[in-house]
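Results of the structural survey
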Protein chains: 2
Amino acid sequence: MTHSEENYIKAIFHLASSGIDVISTNAVAEKMETKPSSVTDMMKRLSEKGLVHYKKYQGVSLTPLGTKTALSIIRKHRLWEVFLVEKLGFAWDEVHEVAEQLEHIKSEKLIDKLDELLSFPKFDPHGDPIPGKNGELMEHDSQVLGQLPIGSVALCVGVKDSSAVFLRFLDRNSIALGNKMKILEKEEFDNSLRILIDERELHISQQIASNLYVKKIEL
Amino acid sequence: MTHSEENYIKAIFHLASSGIDVISTNAVAEKMETKPSSVTDMMKRLSEKGLVHYKKYQGVSLTPLGTKTALSIIRKHRLWEVFLVEKLGFAWDEVHEVAEQLEHIKSEKLIDKLDELLSFPKFDPHGDPIPGKNGELMEHDSQVLGQLPIGSVALCVGVKDSSAVFLRFLDRNSIALGNKMKILEKEEFDNSLRILIDERELHISQQIASNLYVKKIEL
DNA sequence: ACAAATTTTTAGCTTTGTCTAAATTATTTA
DNA sequence: TAAATAATTTAGACAAAGCTAAAAATTTGT
């Protein structure tokens, strides 16, 4: 598989996980930042290789082989992200670009050993689950911060949006994975929240609140 | 720069270091395992980019920019080799293939941090010097085992041939970098040697002896 | 239901990197 | 030194991956 093919497979997987039922050529083109005509060409190629189901004008979906391939690429991507943060001291907003390159390195042994070096992590620096060697993908049993009722206490376990801008915003406000947060108040008008993070009081917008995954702690 | 361009630059650098004065299209083609016509095409492209000096029928050589580029790629290659051996437990005959892929990853920070993680190594697992950030390349002040006079004692500091076959031969015979070796006898007829390696007596052919770099120890 | 709008595909072109076969230039040798 | 041989380059093709512009199919709106 070429780098480009792998990137398309990954994009289709992510679109499929994001709850869309039928994945259109346009959706793939937008995600890949390319033109729909290029997507059509690539879908034909991936279809020939048995990685996607593709019928003209009907949208595209991954075959079991395609899904397995996607999970293997995502596994590599996320393991490398852990490596960059844990071993090389990268910040969590700096890892994506480099991991995009590293995920294409072909060596089963490399990934197995890397996994071992990192002590078999289950989540990447953004809280996303790392697929296992055989493609088992742990499901986040978390919810979005904005949906918690007032008074609840939760642990921050992940970010939905892992763009550098958002991550740096979190850094500036000392919000990190593992933080304990309590909902103090919710503003009816704009759904913004007043929360308590590790003894510190903070006011956050609905935008922010809907991009933080949390796990409720029962008291 | 594309992967392919980088590979050509590296190949030309290695040919130049191996003492050839004029690097022919054929020589590059052989090293790259490709056809001379493909080399001609690539030399034109690299020449346009200012990486090589190229005149039809006259052979090719690296410009200062080309040399700098080559050293940067070799630096990456060798640092990754150290990583694979030191951190991931790869054997020295398994690293080349993977390092060939890793050397093309583009991130200055990645390499700087990797260098740091590895405690700024000066040599790779085969004893080859690792170029510095600014392209300084340490010169091996070593000689080939076969050239030592009888009775001399030396440390094994590198291998000239780092093919997997040769490296596995060394493994099977417990010859490793850092070993102390003493020349006991030299066979006039075939230049084979009887040597003492760390208390163990061994008979090695001239072939082998001329592929081991050693550093004499004065007694 | 049919025209308009949107989406998707096709056709044809570009670049990178490769190839083969033919032509050209250099080198060797008799 | 001239012919033979070897090395190198050119010309023309091909595959991957992208693009633009035009055509075709689907969806939408009235």
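Residues numbered from 1 in each chain as written. Chains lettered and ligands numbered in written order. Predicted model: local features only at pLDDT ≥ 70, side-chain atom pairs only at ≥ 80, totals over all residues. Heavy atoms only, no water.

For the rest of this paragraph, the subject is the interface of chain A and chain B. When the parts of a complex come together, some accessible area is lost, and that lost area is often taken as the interface size. Taken together, the contact pairs 20 residues of chain A with 20 residues of chain B. Between chain A and chain B, a total of about 1,600 Å² is buried, with carbon and sulfur atoms accounting for 72% of that surface. For the pair chain A and chain B, the interface holds two salt bridges. Among the salt bridges present, the one from Lys-109 of chain A reaches Glu-94 of chain B, with a minimum N-O distance of 2.9 Å. Where chain A packs against chain B, one counts four residue pairs in polar contact (both at pLDDT 80 or more). Looking at the side of chain A that touches chain B, the elements that each hand over two or more residues are helix 4 (64–86), helix 5 (95–102) and helix 6 (108–117) of chain A. No other element matches helix 6 of chain A, which puts five residues into the side of chain A that touches chain B. (Contact = heavy atoms within 4.5 Å. Buried area = accessible area lost by both parts, 1.4 Å probe. Salt bridge = Lys/Arg side-chain N within 4 Å of Asp/Glu carboxyl O. Polar contact = N/O pair within 3.5 Å; in protein donor to acceptor, adjacent residues only side chain to side chain. Helix = DSSP H or I, 4+ residues; strand = E, 2+ residues; numbered from the N terminus.)

Within this structure, the stated rule accounts for 26 salt bridges over all chains. A salt bridge links Asp-93 of chain B to Arg-168 of chain B; the nearest nitrogen and oxygen atoms lie 3.1 Å apart. Placement of Asp-93 of chain B in the loop between helix 4 (64–86) and helix 5 (95–102) and of Arg-168 of chain B in helix 7 (residues 164–172) is noted, with a sequence separation of 75 residues between them. Given the relative accessible area of 17%, Asp-93 of chain B is considered buried. As a salt-bridge pair, Asp-112 of chain B and Lys-133 of chain B come within 3.0 Å of each other at their nearest N and O atoms. Of the two residues, Asp-112 of chain B is situated in helix 6 (residues 108–117) and Lys-133 of chain B in the loop between helix 6 and strand 3 (143–144); the sequence distance between them amounts to 21 residues. By relative accessible area, which is 49% here, Lys-133 of chain B ends up partly exposed. Beyond isolated ion pairs, a larger network of salt bridges with shared partners links Lys-10, Glu-100 and Glu-103 of chain A. (Buried < 20%, exposed > 50% of the residue type's maximum accessible area, 1.4 Å probe, protein only.)

With that settled, the discussion passes to the side chain of Thr-63 of chain A. All names here are of chain A. Here Thr-63 is to be found in the loop between strand 2 (60–62) and helix 4. Using a relative accessible area of 7% as the deciding quantity, one classes Thr-63 as buried. If we ignore the near neighbours within four places in the chain, the residues touching Thr-63 are Gly-50, Leu-51, Val-52 and His-53.

Below, the discussion takes up the protein's contact with DNA strand D. Taken together, the neighbourhood of DNA strand D is formed by 22 residues, with Thr-2, Thr-34 and Ser-38 of chain A together with Lys-44 and Tyr-54 of chain B sitting nearest. Within the backbone of Lys-35 of chain A, one N or O atom sits 3.1 Å away from a phosphate oxygen of DNA strand D. Contact distances for DNA strand D include 2.7 Å between a phosphate oxygen and a backbone N or O atom of Tyr-57 of chain B. For the surface near DNA strand D, the secondary structure elements donating two or more residues are helix 1 (3–17) and helix 3 (36–48) of chain A together with helix 2 (25–32) and helix 3 (36–48) of chain B. At five residues, helix 3 of chain A tops the list of elements feeding residues into the surface near DNA strand D. (Near = heavy atom within 4 Å.)

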